[in-house]
Amino acid sequence: MNCQLCNARLPVRLSLRDLVMLRPLTPPTICERCRARFTRIDPAHACPGCSRPQEHTRLCLECAAWQHQYGWHLEHQALYTYNDAMKEYMHRYKFGGDYRLRTVFQAEVQQRIRQLGADLVVPIPVTQTTMATRGFNQVLGILGDVPVTPVLRHRALDKVAQSHKTRRQRLQTPQPFILTDPTIVRDKRILLVDDIYTTGRTLYHAATLIKAAQCHELVSLSLAR
C-alpha cells in the first residue's frame, strides 16, 4: 500500500494485540512524513465557537460578533488548521476531483463524529452545478459510510462558488439553503458537517434554519479551519 499523497510505500506494522484480537485493522492512508505537514487543532486551545487556535477558550472576536448578531454562537470543532498542506490536499481532492483522496482523513472524521454523539448528521450540500462539474459532494466523501440526513438543499441551481469570493462577499452571501422537512430535525441533536470553516457564513446559514425548526441541540464539525 502506498501513501495517497506522495505515493511512498507504507509499512504495515502489526502489534501482538492486533494478531491476538483478530480485529479489523484500519490501514494508514498517508505516510508519516506527509502527516507531519498537517497541524491538528487542540480543542483545549481553540475558540469554542469556530475552533480557531488560540491560547484561551473564550470566544474569538469573530464568534463574539456572531453571538451579537444572532444571540447564540456555533459550537464548532475542526480537526486541522487550513495550512499549506491542507490547501494542497483540498486543491487535489475538492478542486482537482481526485475522489480517492476522500479516505485520507475519513477515519479521524468518523471517530470525532462518534465522540460528538449526534442524533442526525447533516452534511452541507453542493449545488447541482457543482455536482455536475465535480461529480461528487466533498463533504459526503470525507464522511464515508456515516449515515447522513440530507435535509438541506440549495435554493438555486447555480451560484458563485464560495472559494471564488472575497471575505466580504462571503459574509454578505444571502441565505442559500432550504430545509426540506423541518419535522425531521425537531427535538433532535444535530451535527452539521462541512469540509472547511472559513468565515462561518455557510454554517450559520444552515444553523439558523435548523434552529428555527426547533432542534434540541446543534453542533458543527469541519475537517479544517
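Structural data are supplied above this passage.
As a starting point, this report considers the structure included with it. (Residues numbered from 1 in each chain as written. Predicted model: local features only at pLDDT ≥ 70, side-chain atom pairs only at ≥ 80, totals over all residues. Heavy atoms only, no water.)

### Focus on the pattern of salt bridges
When their charged atoms lie close together, side chains carrying opposite charge are able to pair.
Next, step 1: In this structure the tally under the stated criterion is eight salt bridges.
Next, step 2: For the salt bridge of E108 with R40, the shortest nitrogen-to-oxygen distance reads 2.4 Å. Here the residue E108 occupies a position in helix α5 (residues 106-116), and R40 occupies one in the loop between α2 (32-35) and α3 (61-70), the gap between them amounting to 68 residues.
Next, step 3: Accessibility expressed as a relative area gives 17% for E108, which makes it buried.
Next, step 4: The salt bridge partner of E62 is R225, with a shortest N-O separation of 3.6 Å. Highlighted residues: E62 in helix α3 and R225 in the segment after β6 (217-224), separated in sequence by 163 residues.
Next, step 5: Assessed through its relative accessible area of 23%, E62 is described here as partly exposed. (Salt bridge = Lys/Arg side-chain N within 4 Å of Asp/Glu carboxyl O. Helix = DSSP H or I, 4+ residues; strand = E, 2+ residues; numbered from the N terminus. Buried < 20%, exposed > 50% of the residue type's maximum accessible area, 1.4 Å probe, protein only.)

### Here's the deal with the state of the cysteines
Next, step 1: Applying the stated criterion across every chain yields a total of zero disulfides.
Next, step 2: Left unpaired, C31 is separated from the closest cysteine sulfur, that of C34, by 3.6 Å.
Next, step 3: Here C47 stays unpaired: no disulfide links it, and the sulfur of C63, its closest cysteine neighbor, is 3.7 Å away.
Next, step 4: When its relative accessible area of 2% is taken as the criterion, C47 is described as buried. (Disulfide = S-S within 2.5 Å.)

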